[in-house]
Amino acid sequence: MIPVLHRGADPDQICAALTEHGAVIIEDFLDADTVAAMNAEVGPLVEADDPTARTFVNPFIADFFGTKVKHLSGLATHSRAFVDDVLLHPIYDEVCRRVLGPSCADWTLNVGHLLQRGPGAEQQYLHRDHDVWNFLPSPHPEVELASLVALTPFTADNGATRLVPGSNHWDGDRYPTDDELEIAEMPAGAAVIYLGSVFHAGGANCTEDEWRRGFHLSFVVGWLRTEENNTLATPPDVARDLPLRAQELIGYKAHDAIETGGGYLGVVDVRHPTELLASGEL
Ligand SMILES: O=C(O)CCC(=O)C(=O)O
Ligand SMILES: [Fe+2]
């Protein structure tokens with residue numbers, strides 16, 4: 001089962017549910033006003049995407065998303081509400097601290113992507129998001145925390161995410177069967193948070209005219225390369241006006257593991273890029 005908890009639940013309880021089942025639905029992750037404001041801000045932008053006209057990094061990924069899914073990425077450049085109410089959501093901070101914190105000096109945004117699954121979209125193949133880092137020896141500690149935040153209702157028919165609870169505990173080659181899938185049905189404003197080790201897939205959209213819109217947001221230990229090149233997607237001229245923690249999360253903070261016997265990653269002039277943003281040197 002996918003446990004359901006309220007946004008006000010104790011973060012320890014959220015993390016206990018997440019580590020046991022691999023996924024947890026958070027009710028009222030965003031309030032109704034925030035959902036409305038977000039839809040007003042990013043809705044027209046994602047609507048403008050033409051999935052039949054865009055290109056992808058390779059044909060495999062083109063197939064993974066298909067031609068019925070609209071995309072909007074680089075969200076921090078498009079929506080200040082995204083930054084303030086989603087990227088900096090306190091639940092992500094609490095959960096990342098507990099799940100990723102022990103394996104890094106700090107975590108970072110991996111991908112912040114608005115996905116709108118349209119009528120005719122097919123179910124994605126079942127995958128684990130952390131397999132993008134396939135060169136990492138297995139098993140390894142959790143390196144990624146992922147989520148879908150619903151900006152419209154997620155239903156069985158319109159493409160709600162399918163997840164395999166408990167698959168974070170599986171080893172080796174076990175692959176899910178269809179009867180092990182559960183559907184993350186949830187109202188707009190709810191979110192499903194899941195570990196990078198959990199099998200899941202965006203569902204098929206079998207409706208005639210209903211679009212399923214949600215943020216696909218994930219965080220990763222700060223020493224792994226991110227899927228989205230966040231510092232190029234949100235260049236210095238945009239980043240300098242964002243809160244410091246948002247700058248850090250989109251990659252302007254060096255990963256400094258000196259205290260734990262490691263080294264630094266991602267510096268500019270052997271300094272934190274956040275310092276250079278603040279001084280105007282970047
Ligand atoms: O859209 C969804 O429900 C899931 C998307 C997903 O799993 C992915 O893009 O990796
Ligand atoms: Fe995924």
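Q: Whenever I open this one, the layout of surface pockets confuses me. Can you help?
A: Taking a probe equal in size to a water molecule and rolling it over the atoms shows the remaining empty space. For the largest pocket, the calculated volume is near 830 Å³. Lining the largest pocket are 35 residues, with I61, F64, F65, H113 and E227 sitting closest to its centre. For the lining of the largest pocket, the secondary structure elements donating two or more residues are α3 (59–65), β3 (69–73), β4 (107–117), β5 (127–128), β6 (144–150), β10 (199–201) and β11 (212–221). Per-element tally for the lining of the largest pocket: the top contributor is β4, with five residues. Along the lines of polarity and charge, the residues of the lining of the largest pocket split into 13 nonpolar, 13 polar and nine charged. Along the wall of the second largest pocket there are 24 residues; nearest its centre are T108, G222, G251, K253 and G266. Where the lining of the second largest pocket is concerned, the elements lending two or more residues are β4, α7 (230–233) and α9 (244–252). By residue number, the principal contributor to the lining of the second largest pocket is α9, which donates four residues.

Q: Is there a simple way to think about the site of ligand 1 in this case?
A: The environment of ligand 1 is made up of 13 residues, and the closest members are H127, D129, T161, H200 and R212. One of the side-chain nitrogen or oxygen atoms of D129 is found 3.2 Å away from an oxygen atom of ligand 1. One of the side-chain nitrogen or oxygen atoms of T161 is found 2.7 Å away from an oxygen atom of ligand 1. Calculation on ligand 1 without its partners gives an accessible area of 300 Å², and the protein chains cover 96% of this total. Sorting the residues of the shell around ligand 1 by element identifies α3, β4 and β11 as the ones contributing at least two each. Split by residue class, the shell around ligand 1 holds four nonpolar, six polar and three charged.

Q: What is the right way to look at the pattern of salt bridges in this model?
A: Where charged atoms from two side chains of opposite charge come close, those side chains can pair. For the structure on display, the rule yields 14 salt bridges. For R54, the salt bridge identified is with D49, shortest N-O distance 3.5 Å. The exposure class assigned to R54 is partly exposed, which follows from its relative accessible area of 30%. Beyond isolated ion pairs, a larger network of salt bridges with shared partners links D106, R245, E248 and K253.

Q: Even after reading the chapter, I still don't get the domain arrangement of the protein chain, so can you show me in this structure?
A: Interfaces are often sized by the amount of accessible area the parts lose when they come together. According to the domain assignment, the protein chain consists of domain 1 (4–227) and domain 2 (229–282). Summarising the inter-unit geometry, the C-alpha centres of domain 1 and domain 2 are found 24 Å apart. Listed per partner, the contact involves 22 residues of domain 1 and 20 residues of domain 2. Of all residues in domain 1, T77, L88 and D106 bury the most surface against domain 2, accounting for 26% of the area lost on that side. Taken together, domain 1 and domain 2 are joined by two salt bridges. For R245, the salt bridge is made with D106, and the minimal N-O distance between the two is 2.8 Å. Our count for the domain 1 to domain 2 interface comes out at seven residue pairs in polar contact (both at pLDDT 80 or more). Counting only elements with at least two residues in the side of domain 1 that touches domain 2, the list comes to α4 (75–78), α5 (80–87) and β4. Along the lines of polarity and charge, the residues of the side of domain 1 that touches domain 2 split into ten nonpolar, six polar and six charged.

Q: Please clarify how the sheet that holds strand β1 (residues 4–6) should be interpreted in this entry.
A: In sheet architecture, strand pairing relies on hydrogen bonds along the backbone and comes in two forms, parallel and antiparallel. The sheet built from seven strands is open, its strands ordered β1-β2-β9-β6-β11-β4-β3 with mixed pairing. Unpaired on one side and paired on the other, β1 and β3 mark the two borders of the sheet. With strand direction ignored, the average angle separating the axes of adjacent strands in the sheet is 25°. Pairing between β6 and strand β9 (residues 191–195): five bridges, direction antiparallel. Bridge pairing links V149 to A191 in β9. Packing against the sheet, helix α1 (residues 11–21) makes contact with β1, β2 (23–27), β6 and β9, and its axis sits at approximately 145° to β2. Packed on one face of the sheet, α5 meets β4 and β11 and runs near 65° to β11.

Q: Got a minute to help me understand unusual backbone geometry in this structure?
A: Negative phi values dominate among residues other than glycine, just as trans dominates among peptide bonds. The step from S138 to P139 runs through a cis peptide bond, and the omega angle for that step is -5°. Within the secondary structure, P139 is located in the loop between β5 and β6. Despite not being glycine, D269 has its phi angle at roughly 55°, a positive value. Within the element layout of this structure, D269 appears in the loop between β13 (264–265) and α10 (273–279). Of the residues examined, D269 reaches a relative accessible area of 57% and is grouped as exposed.

Q: Looking at this model, I keep getting lost on the coordination of the iron ion (ligand 2). Mind explaining?
A: Protein-derived ligands of the iron ion (ligand 2) are H127 (NE2), D129 (OD) and H200 (NE2), with the metal-ligand distances lying across 2.0 to 2.1 Å. Mapped onto the sequence, the residues coordinating the iron ion (ligand 2) show the spacing H-x1-D-x70-H. A relative accessible area of 9% means that H127 is categorised as buried.

Basis of the calculations
- Residues numbered from 1 in each chain as written.
- Chains lettered and ligands numbered in written order.
- Predicted model: local features only at pLDDT ≥ 70, side-chain atom pairs only at ≥ 80, totals over all residues.
- Heavy atoms only, no water.
- 1 Å grid on protein atoms, 1.4 Å probe; cavity = no way out; pocket = protein on both sides within 12 Å on 5 of 7 lines; lining within 4 Å.
- Points joined across faces, edges and corners; volume = space filled by probe spheres on them.
- Helix = DSSP H or I, 4+ residues; strand = E, 2+ residues; numbered from the N terminus.
- Nonpolar A, V, L, I, M, F, W, Y, C, P; charged D, E, K, R; others polar.
- Near = heavy atom within 4 Å.
- Polar contact = N/O pair within 3.5 Å; in protein donor to acceptor, adjacent residues only side chain to side chain.
- Areas by Shrake-Rupley, 256 points an atom, 1.4 Å probe, with all protein chains shown as cover.
- Salt bridge = Lys/Arg side-chain N within 4 Å of Asp/Glu carboxyl O.
- Buried < 20%, exposed > 50% of the residue type's maximum accessible area, 1.4 Å probe, protein only.
- Domains from an automatic or database assignment.
- Contact = heavy atoms within 4.5 Å.
- Buried area = accessible area lost by both parts, 1.4 Å probe.
- Pairing = 2+ DSSP bridges.
- Axes fitted to C-alpha atoms, helices over the stretch in contact; angles between N-to-C directions.
- Donors = N, O, S within 2.8 Å, 3.2 Å for Na, K, Ca; no water.

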